[in-house]
Amino acid sequence: MRAQNPMRNLLALMKKLPLAAFAGIALALAANALPVAAAFAAQQPRNIIIMFADGAASTQWDFGRYSSKVLRQQPFVTTDVVFREGVLGLLSTSPSGAYVTDSAAAGSAMSTGFKVSNGAVAITPDGKAVPTVMEIAKAKDKRIGLVTTATIYDATPAAFSVHARSRRDAQSVVDQYLALEPDVLLGGGADYFLPQGAPGGKRNDGKDIIATFRAKVYQVARNTAELNAANGPKLLGLFAEGDMDFEIDRDPAREPTIAEMTVAALKVLSREGPNGFVLLVENENTDTAGHANDAASLMRALWAFDDAVKVVLEFQRRSPDTLVIVTGDHETGGFSPTNALKELGALSGGKRFYSGDEQLRMLEPITMSLNMAKEKLGKQPSGEALDKLIPLHFPGFRLDPDLREAILDQKTREHNFSYLPQNVLGRMIARQTGYYWGTSGHTTQPVPVGAIGPGAELFRGYQDNTDFGEHLHRLILGD
Ligand SMILES: [Zn+2]
């Protein structure tokens, strides 16, 4: 499936050259293909940084832009710089055997150029382990780094670097990291680095993999201060047993921001090595917020992600031989800000509001993610706890009787809104703001790709996520 198409490659190349060069290309074509290959080499970036917001498609990006402008009075550089000034493309996302993808299959296609089944990590349906972006980068003597707000062994970072029949094989993924030795590993997921019996440990083989990384001369950071002080050539940072917290819930002393992790990763990766580096920075919270139908957490996760994109663009200003790509793997939640009825009882069109600045401003005082609300309310939420939590952390929101009942009964009226109470609280927010969601799962919305820097032109237009993987391989291998 990753067949190279010389004519398509040539067309992509021609698109990025000035008109005067076309005559030269035609002549070269008539003679031999060598000058074309030489022209391509000039477009080969030394460094590639992939900024990846899981679950983010056009609606999420535009929500980031709009909310940044109104509430932060700041540009949102993903849309305002990368999408606007760089090359913009769209990717279809279907995996092998389905229309809707999961993160493992989408990440695998984007990393290897091959379609795999949902749940598989860079292993095709016929059982072949196909080369990942980080494997070929390593083979080309590039330094490599993985950064995420999820567990470091989660589907996306795993699919960009290693192989597993199931994304749930966390222990195997961690073992493969140990063999691959990425120069930077930053995120959550200390649990599968530590043996059962150690605090928070889940490994079933009694091994302490953090100690093994340390013996391989990795610096180990377990909190923000240790991360900021890191200055060695290799870095392992694990800031949570499982996923790192939502930006809205984060304790800044314990867990760094995604921008702080990006700064630390660039410090390590740019320090030495003649062949540059490949870095993947993933924000998983954009996906998790979508599953929970949590507009306020999504907004803050998008802002935190965009702050990391600012760090990367500043790095590129100083190292222009860097290709910066901003993208996602699929859309999550069927996020759809819309017009809505002011009161549920009034069905007349005149009683509608069109979601705008006034509704957006209602999200700003929310101080808790819906996942954290679930944790605080416990397995059997009481009416009393609910009546305390809402005015304290969701000021201005009213919980209608039908929604209140759904939370207390722990029964959803919509089978596919199965995150309780998150999806019900998400509906509470939707009724007053117009921030509705179509599902608690993934959707087929094509995902935007913004690329800026050498090689960016390859990503223009409507493509498939396997094309994205092919382009990365080509840019790294130089073929
Ligand atoms: Zn997801």
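Details of the structure are given in the entry above.
Here goes a summary of the coordinates provided. (Residues numbered from 1 in each chain as written. Predicted model: local features only at pLDDT ≥ 70, side-chain atom pairs only at ≥ 80, totals over all residues. Heavy atoms only, no water.)

### With respect to empty space enclosed by the protein
Summed over all chains, the structure comprises two cavities of 30 Å³ or more. In this structure, the largest cavity spans a volume of roughly 90 Å³. As for the largest cavity, its lining consists of 14 residues, and the residues nearest its centre are Thr 149, Asp 245, Glu 247, Ile 258 and Asn 285. Mapped onto the lining of the largest cavity, the elements with two or more residues apiece are helix 12 (258-269) and helix 14 (295-318). (1 Å grid on protein atoms, 1.4 Å probe; cavity = no way out; pocket = protein on both sides within 12 Å on 5 of 7 lines; lining within 4 Å. Points joined across faces, edges and corners; volume = space filled by probe spheres on them. Helix = DSSP H or I, 4+ residues; strand = E, 2+ residues; numbered from the N terminus.)

### Concerning the pairing of strand 3 (residues 143-151)
Burial analysis of strand 3 places nine of its nine residues in the buried class, which makes it a mostly covered element. In this sheet, strand 7 (residues 277-283) lies alongside strand 3 in parallel orientation, the contact comprising six bridges. Within the sheet, the bridge partner assigned to Ile 144 lies in strand 7 and is Val 278. In this structure, strand 3 lies alongside strand 4 (residues 184-188), joined through four bridges in parallel fashion. When the bridges of strand 4 are listed, Gly 145 appears paired with Val 184. (Buried < 20%, exposed > 50% of the residue type's maximum accessible area, 1.4 Å probe, protein only. Pairing = 2+ DSSP bridges.)

### What about helix 14?
With 24 residues, helix 14 should reach 34 Å at 1.5 Å per residue; the first-to-last C-alpha distance of 35 Å fits that figure. Most of helix 14 is tucked away: 18 of the 24 residues are buried. (Expected span 1.5 Å × (residues − 1).)

### Examining the packing of helix 16 (residues 370-377) against helix 17 (residues 383-393)
Packed helix pairs are characterised by how far apart their axes lie and by the angle those axes make with each other. Where helix 16 contacts helix 17, the two axes come as close as 10 Å, and the packing angle between them is 145°. Judged by the twist between their axes, the crossing of helix 16 over helix 17 is right-handed. Contacts between helix 16 and helix 17 involve Ala 373, Lys 376 and Leu 377 on the former and, on the latter, Ala 385, Leu 386 and Leu 389. In the contact of helix 16 with helix 17, the residues fall into five nonpolar, no polar and one charged. (Axes fitted to C-alpha atoms, helices over the stretch in contact; angles between N-to-C directions. Left-handed = near helix turned anticlockwise from the far one by under 90°. Contact = heavy atoms within 4.5 Å. Nonpolar A, V, L, I, M, F, W, Y, C, P; charged D, E, K, R; others polar.)

### A few points about the nonpolar core
In terms of nonpolar packing, the biggest core is built from 79 residues, with Leu 186, Leu 363 and Phe 394 touching the most fellow members. Sorting elements by how many residues they give to this core places helix 14 first, with 14 residues. Beyond its immediate stretch of four places on either side in the chain, Leu 186 contacts Leu 146, Val 147, Thr 148, Ile 152, Leu 227, Leu 235, Leu 236, Gly 237, Phe 239, Met 261, Ala 264 and Ala 265. (Core = buried A, V, L, I, M, F, W, Y, C linked by side-chain atoms within 4.5 Å.)

### A short note on the coordination of the zinc ion
Protein coordination of the zinc ion is provided by Asp 287 (OD), Asp 287 (OD), His 291 (NE2) and His 442 (NE2), with donor distances spanning 2.1 to 2.4 Å. In primary sequence terms, the donor set of the zinc ion follows D-x3-H-x150-H. In this pair, Asp 287 and His 291 both sit in helix 13 (residues 285-292), four residues apart, roughly one turn of the helix. Of the two residues, Asp 287 and His 291, both sit in the buried class. (Donors = N, O, S within 2.8 Å, 3.2 Å for Na, K, Ca; no water.)

### Remarks on the pattern of salt bridges
All chains considered together, the criterion is met by 24 salt bridges. Put simply, Arg 404 and Asp 387 hold a salt bridge, and the shortest N to O gap is 2.5 Å. Of this pair, Arg 404 sits in helix 18 (residues 401-409) while Asp 387 sits in helix 17; the two residues are 17 residues apart in sequence, bridging distant segments of the chain. Salt bridges linked by common partners bring Arg 143, Glu 181, Asp 183, Lys 216 and Lys 234 together as one network. (Salt bridge = Lys/Arg side-chain N within 4 Å of Asp/Glu carboxyl O.)

### Things to note about the sheet that holds strand 5 (residues 219-221)
Pairing within the open sheet is mixed, and its 10 strands lie in the order 5-6-4-3-7-1-8-15-2-16. Two strands lie at the open edges of the sheet, namely strand 5 and strand 16 (461-464), each paired on one side alone. The mean inter-strand angle of the sheet, taken between neighbouring strand axes irrespective of direction, is 15°. Pairing between strand 5 and strand 6 (residues 235-238): three bridges, direction parallel.

### Topic: the side chain of Asp 102
Turning to its location among the elements, Asp 102 is positioned in the loop between strand 2 (87-92) and helix 6 (103-112). From its side chain, Asp 102 meets the backbone nitrogen of Ala 105 in a polar contact 2.9 Å long. In this structure, Asp 102 is in contact with Asn 118, Gly 119, Arg 167, His 330 and His 442, ignoring residues within four places of it in sequence. (Polar contact = N/O pair within 3.5 Å; in protein donor to acceptor, adjacent residues only side chain to side chain.)

### Description of helix 6
With 10 of 10 residues buried, helix 6 is to be regarded as a mostly interior element. When we look at burial in helix 6, the residues that qualify are Ser 103, Ala 104, Ala 105, Ala 106, Gly 107, Ser 108, Ala 109, Met 110, Ser 111 and Thr 112. Phi turns positive one or two residues past the end of helix 6, at Gly 113, with a value near 85°.

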